[in-house]
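A closer look at the structure
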Amino acid sequence: MKVIPWNQVETWRCCGCGECCRPYTVPLSAWEWTRITQAYGLSVTEIGIDGLFLKKKQGRCIFQYMQGGKWLCGIQNLKPLACKLWPFKIFRKPKYGRAEEASLESGGRKLFVYADSLCPMLKLGEPTEEFLKNILPEFIGISLSTYGEQHYSTMRAERTGQRHPFASSRVI
């Protein structure tokens, strides 16, 4: 994993390539684990020596499925925070160095924001106005639990009306 400071990202959008759900194991908080296992059972998670995780099936998150040439999330309504934030990583202390470039003031808090360069949709360069006014604030709001529904920080797709086998509500 190679991370870069947020101020080197021109823009980002999700294209549904599914690469975010392959190389990583999704960590779950106790609250996320409880909600997911209550809805889908214990078999969709695993317990490791360093935490709770979503299970993988054939190298992908168990809830990821293909529809219309895009990889979609089957638990949009219960999506873990790590998934909501990807490819961004937001901390209260600099975790990956380059603190000055990664720092950002938001709501009176100093945060350190990085992006995972594995994401093929990260466009590097000077941040655009849309990135600064819409995309980045939404990721920060989600991280701080001040945002509700995702708009810019997830794939923008039409509601299909079709359901994933695990889904308890429509997915986007």
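Here's a quick rundown of the structure. These numbers were taken from a predicted model, which means no experiment stands behind them. (Residues numbered from 1 in each chain as written. Predicted model: local features only at pLDDT ≥ 70, side-chain atom pairs only at ≥ 80, totals over all residues. Heavy atoms only, no water.)

1. Digging into the packing of aromatic side chains
In this structure the tally under the stated criterion is nine aromatic pairs. An aromatic cluster is present here, built from Trp 12, Phe 88, Phe 131 and Phe 139 joined pairwise through their rings. The ring centre of Trp 71 lies 3.8 Å from the NZ or CZ of Arg 60, which sits over that ring. (Phe/Tyr/Trp six-rings, centres within 6.5 Å; stacked < 30°, edge-to-face > 60°. Lys NZ or Arg CZ within 6 Å of the ring centre and 35° of its normal.)

2. Comments concerning the layout of surface pockets
Within this model, the largest pocket holds a volume of roughly 950 Å³. Around the largest pocket sit 47 residues that line it, and Ala 82, Cys 83, Lys 84, Leu 85 and Trp 86 are the ones nearest its centre. Mapped onto the lining of the largest pocket, the elements with two or more residues apiece are strand S3 (27–28), strand S9 (70–73), helix H2 (81–85) and strand S10 (88–91). By residue number, the principal contributor to the lining of the largest pocket is H2, which donates five residues. Residue classes in the lining of the largest pocket are distributed as 32 nonpolar, nine polar and six charged. (1 Å grid on protein atoms, 1.4 Å probe; cavity = no way out; pocket = protein on both sides within 12 Å on 5 of 7 lines; lining within 4 Å. Points joined across faces, edges and corners; volume = space filled by probe spheres on them. Helix = DSSP H or I, 4+ residues; strand = E, 2+ residues; numbered from the N terminus. Nonpolar A, V, L, I, M, F, W, Y, C, P; charged D, E, K, R; others polar.)

3. Some points on the nonpolar core
Counting residues in each nonpolar core, the largest one holds 21 residues, and the members touching the most others are Phe 88, Val 113 and Ile 140. Every element with two or more residues in this core is listed here: S10, strand S12 (109–116) and helix H4 (129–143). If one sorts the elements of this core by residue count, H4 sits on top with six residues. Grouped together as the second largest cluster of nonpolar side chains are 13 residues, Cys 21, Leu 28, Phe 63 and Leu 78 included. (Core = buried A, V, L, I, M, F, W, Y, C linked by side-chain atoms within 4.5 Å. Buried < 20%, exposed > 50% of the residue type's maximum accessible area, 1.4 Å probe, protein only.)

4. Things to note about H4
For H4, with 15 residues, the first-to-last C-alpha span of 21 Å sits near the 21 Å given by 1.5 Å per residue. The sharpest bend along H4 measures roughly 30° and falls at Leu 136, with the proline Pro 137 sitting one to four residues further on. Of the positions making up H4, those classed as buried are Phe 131, Ile 135, Leu 136, Glu 138, Phe 139, Ile 140, Gly 141 and Ile 142. Those residues of H4 that are buried are in contact with strand S2 (9–11), H2, S10, strand S11 (103–106) and S12. Directly after H4, the chain includes Ser 145, whose backbone phi takes a positive value near 60°. (Expected span 1.5 Å × (residues − 1). Bend = angle between axes of the 7 residues up to and from the residue. Contact = heavy atoms within 4.5 Å.)

5. Focus: the environment of Met 155
With respect to the helices and strands, Met 155 occurs in the segment after H4. Note on Met 155: relative accessible area 10%, which makes it buried. Those residues in contact with Met 155, other than ones at most four positions away along the chain, are Cys 14, Cys 15, Gly 16, Lys 70 and Leu 72.

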